[in-house]
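# Coordinate analysis (summary)
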Amino acid sequence: MDRFTKLTNWIGGLSRRQRVGTSIALCAVLFVSINIFAARALDGWRADVTETQVWTLSEGTETLLSDLAEPLHLRLYLSDGLTEAAPQLASYADRVRGMLQSYADQAEGQITLEVIDPEPFSDAEDRAVGFGINRIALAGAPEPMFFGLAATNSTDGRSTIPVFSPDREAWLEYDLTRLVAELGQPKKPKVALLDGIGLSGNPMMGGAEQQSLAMLRELYDVEILSGDVNSFPEGTEVVAVVHPQGLTEPTLYALDQWVMGGGALMAFVDPHAETQMGPQGMPAPDAASDFAALFEGWGVGFDATQAVADPTYALATNRRVQGRDVNVGNPAWLRLDASALDQDSPALARLSAMVMTTAGSFTTDEDGPTLTPLATMSDAAVLASAADASNRFGDPRDLLTSGETVDSAPVVIARLSGAVSSAFPDGKPEGSEWEADHIASTEAANVLLSGDADMLMDRNWIQQRSIFGAQIPQAFANNGDFFLNAVEQMAGGAALADLRGRAVDWRPLTRIEAMERAAEAEYRATEQALLDRISETEAALRDLAPQEGEGNGLFSAEMVAEAENLRADLLAARAELRQVQYDLRSDVEALQASVTTLNVGLVPFLAAVIALFFALRRPKRTLPTRSAA
């Protein structure tokens, strides 16, 4: 009797319960064996099946690492007890370690990685503190923990990530690549900035520097210009002008000649900059900027008295309308998704959400320079009065009825290229100290136009969260990514542009929102009719009151009866209005509940049905036997 026959006979002699137990034990052994084999044979292999490929190094990072000329030493300070004290950090710590190892592997010897457990009262702990790594105090842990990164290069340059915050997990690759790029480039490119909105903050008013500028400083040597500008700092690669107001003729001429000379210019103008502060923190009396002196000369159309209103991208806001607090979609405050952004542009390719408030639009003449749209509104957009759009006490929905329809969808962000003539055809204006010869035109303008300046302020894309005692900015839109991507693109580099945009996971329920808008439009007419009826009834009641000197100030019986009828009608109208609003919310909430139920329960239900189907159709098989030879 051979071994196979003995084995089948042994199995055949087992009871049903023993067979089940043996099968489970064999499955466990097989599971462990496969894991051991995979760990040894497939070390370094990964299959990234996430939708956004968060485990895969981007092409920009791989390019940066393969071209890295400066050797870097990375020290990951990771306390052994961290994952035990905070189990929720275990997977994140593994990802950080794995990502750093991928960087070291990709850099082909230019990056060395050292993982250090800084034990209490050790030299390693002192060095971690010396590098600026934060101590993390966790509940139940007797000693502080460390989870940060220190990087050095061969020229005493250093950079740190004081603590890896779970809230910045989506930013992990960006943070690491930025750190590598910062240490790997000996000299930062220069950006000249004319700041008219307050990106650099206002210490007198307690305003902090905005994140878009702070992020720009990490990668560029930013020089903020003020007063008359007659030249740009040596080595300037990009000039950014944000919310230009009251620029002098010499400054406008310098900007014009910078563009005529082939320089890269970014212009952020705004029909109404909500975040601009006036004297003593009051709203600015004039919050518009148009760059008209240059735009008119260059052939660019921008009307600072009009703002784009688009119901497709309306951002929900709370307003007090006719004495009631309502949550309405504000068509002048735009939440742009990928459908509005040019995904073929390197500055926008990976971005999924941008917020713009009270934005203007650009046009050019047919025989003028080339205007390449980067952010375009939908066909439902209108051009509304900028004054009405900026009215915080008005009903923003009225903008759609009062606005002017347009032949083509408005463009709120664009690239200006091609042939452009100088806005100063007569040459250098009086008072200018521009030293170079006058340039009358250029055949290759390189200008980026944005119809909103507020988009660079924190309010439009950043919220602050307290993590481990530190304030961590968290983005809910890609405005800052767009700003840096655009600077890099115009400066000729794109190492980081490839991976920005992974940081935002803002995925609104667009289908529900579209149905909300449709339902709201349906109820809107009924609601408006009831509001008009209430207003007319209230006016009629006021008119019914006896005038001074009329009837000794007393109501007649007819007047009392009519007043009672009007009050009854008023109460009925208000009741109908409440019912309309209740029906609107009920329909939306029912829809949300249905979608949530489908999302949560549909997949498990289908899996159960499929499993049951196969279980019932499973054929009964007998154990194999070998016939006697």
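In this text, all values refer to a predicted model and were calculated from it rather than measured experimentally.

Conventions used here
- Residues numbered from 1 in each chain as written.
- Predicted model: local features only at pLDDT ≥ 70, side-chain atom pairs only at ≥ 80, totals over all residues.
- Heavy atoms only, no water.
- Helix = DSSP H or I, 4+ residues; strand = E, 2+ residues; numbered from the N terminus.
- Buried < 20%, exposed > 50% of the residue type's maximum accessible area, 1.4 Å probe, protein only.
- Contact = heavy atoms within 4.5 Å.
- Areas by Shrake-Rupley, 256 points an atom, 1.4 Å probe, with all protein chains shown as cover.
- Pairing = 2+ DSSP bridges.
- Axes fitted to C-alpha atoms, helices over the stretch in contact; angles between N-to-C directions.
- Salt bridge = Lys/Arg side-chain N within 4 Å of Asp/Glu carboxyl O.
- Arc of directions from axis to C-beta.
- Phe/Tyr/Trp six-rings, centres within 6.5 Å; stacked < 30°, edge-to-face > 60°.
- Lys NZ or Arg CZ within 6 Å of the ring centre and 35° of its normal.
- Expected span 1.5 Å × (residues − 1).

A count of helices and strands for the protein chain gives 15 helices and 24 strands. In the protein chain, which comprises 629 residues, the share counted as buried stands at 43%. Contacts spanning at least 24 positions in sequence make up 74% of the contacts within the protein chain whose residues lie at least 6 apart. If you sum the accessible surface of the protein chain, you get close to 33600 Å²; carbon and sulfur atoms cover 53% of it.

Let's shift gears to the sheet that holds strand S7 (residues 221-224). As summarised here, the arrangement of the seven strands in space is S7-S6-S8-S9-S22-S19-S16, forming an open sheet in which the pairing is mixed. The open sheet is flanked by S7 and strand S16 (370-376), the only strands paired with a single partner. Between one strand axis and the next, the sheet turns through 20 degrees on average, direction left out of account. Here strand S6 (residues 190-195) pairs with strand S8 (residues 236-242) via six bridges, running parallel. Bridge pairing links Val191 to Val238 in S8. Helix H8 (residues 211-219) rests against S6 and S7 of the sheet, and its axis sits at about 130 degrees to S7. Here helix H9 (residues 249-260) sits on the sheet and contacts S6, S8, strand S9 (264-268) and strand S22 (446-450); the angle it forms with S8, its principal contact strand, is near 135 degrees.

Glancing now at the environment of Leu570. Structurally, the position occupied by Leu570 is in helix H15 (residues 557-617). Not counting residues within four places of it along the chain, the set of residues in contact with Leu570 comprises Ile534, Thr537, Glu538 and Leu541.

One pass over the structure, following the stated rule, counts six salt bridges. A salt bridge links Arg217 to Glu209, with the shortest nitrogen-to-oxygen separation between them at 2.8 Å. Classification of Arg217 as partly exposed rests on a relative accessible area of 30%. Among the ionic contacts, a cluster of salt bridges with common partners joins Lys190, Asp221 and Glu223.

For helix H3 (residues 59-66), the complete set of buried residues consists of Gly60, Thr61, Leu64 and Leu65. Buried positions in H3, seen along its axis, are confined to an arc of 130 degrees and lie on one side of it. Check the buried side of H3 and you find it contacts helix H5 (90-106), strand S2 (111-116) and helix H7 (172-184).

What follows deals with the side chain of Gln211. For Gln211, the position within the fold is in helix H8. Of the residues examined, Gln211 reaches a relative accessible area of 19% and is grouped as buried. The contact partners of Gln211, leaving out residues within four places of it in the chain, are Asp458, Trp461, Ile462, Gln464 and Pro473.

A few words now on unusual backbone geometry. Phi angles above zero are rare outside glycine, and His243 is one such case at about 55 degrees. Within the fold, His243 resides in the loop between S8 and H9. With a phi close to 55 degrees, Phe291 is a non-glycine residue in the positive phi region.

Enumeration according to the criterion identifies eleven aromatic pairs in this entry. Where Phe268 meets Phe483, the ring centres are 5.8 Å apart and the plane angle is 75 degrees; that geometry is what we call edge-to-face. Here Phe268, found in strand S9, pairs with Phe483, found in helix H13 (residues 479-491); they are 215 residues apart in sequence, far enough to count as distant. Like Phe483, Phe268 is buried. Ring geometry for Phe291 against Phe295: centres 5.4 Å apart, planes inclined by 85 degrees, an arrangement best described as edge-to-face. In this structure Phe291 comes out as buried when scored by relative accessible area, which is 4%. A network of ring pairs unites the aromatic residues Phe291, Phe295, Phe302 and Phe362 as a single cluster. Its guanidinium or amino end placed over the ring of Trp333, Arg459 lies 5.2 Å from that ring's centre, counting from NZ or CZ.

For the rest of this paragraph, the subject is the sheet that holds strand S11 (residues 306-309). Across the sheet, which stays open at both edges, the three strands sit in the order S11-S17-S18 with antiparallel pairing between neighbours. One side of each edge strand has no neighbouring strand; the edge strands of this open sheet are S11 and strand S18 (404-405). Relative to S18, strand S17 (residues 382-385) is paired through two bridges, and the arrangement is antiparallel. Directly across from Val382, in S18, lies its bridge partner Thr405.

Spanning 17 residues, H5 covers 24 Å between terminal C-alpha atoms, matching the ideal 24 Å at 1.5 Å per step. Residues of H5 that are buried include every one of Tyr92, Ala93, Arg95, Val96, Gly98, Met99, Leu100, Ser102, Tyr103 and Ala104, and no others. In the core, the buried residues of H5 are packed alongside H3, strand S1 (72-78), helix H4 (82-85), S2, strand S4 (145-153) and H7. Looking one or two residues beyond H5, the residue adopting positive phi is Glu108, at roughly 55 degrees.

Everything listed here is a matter of geometry and, on its own, says nothing about what the molecule does.
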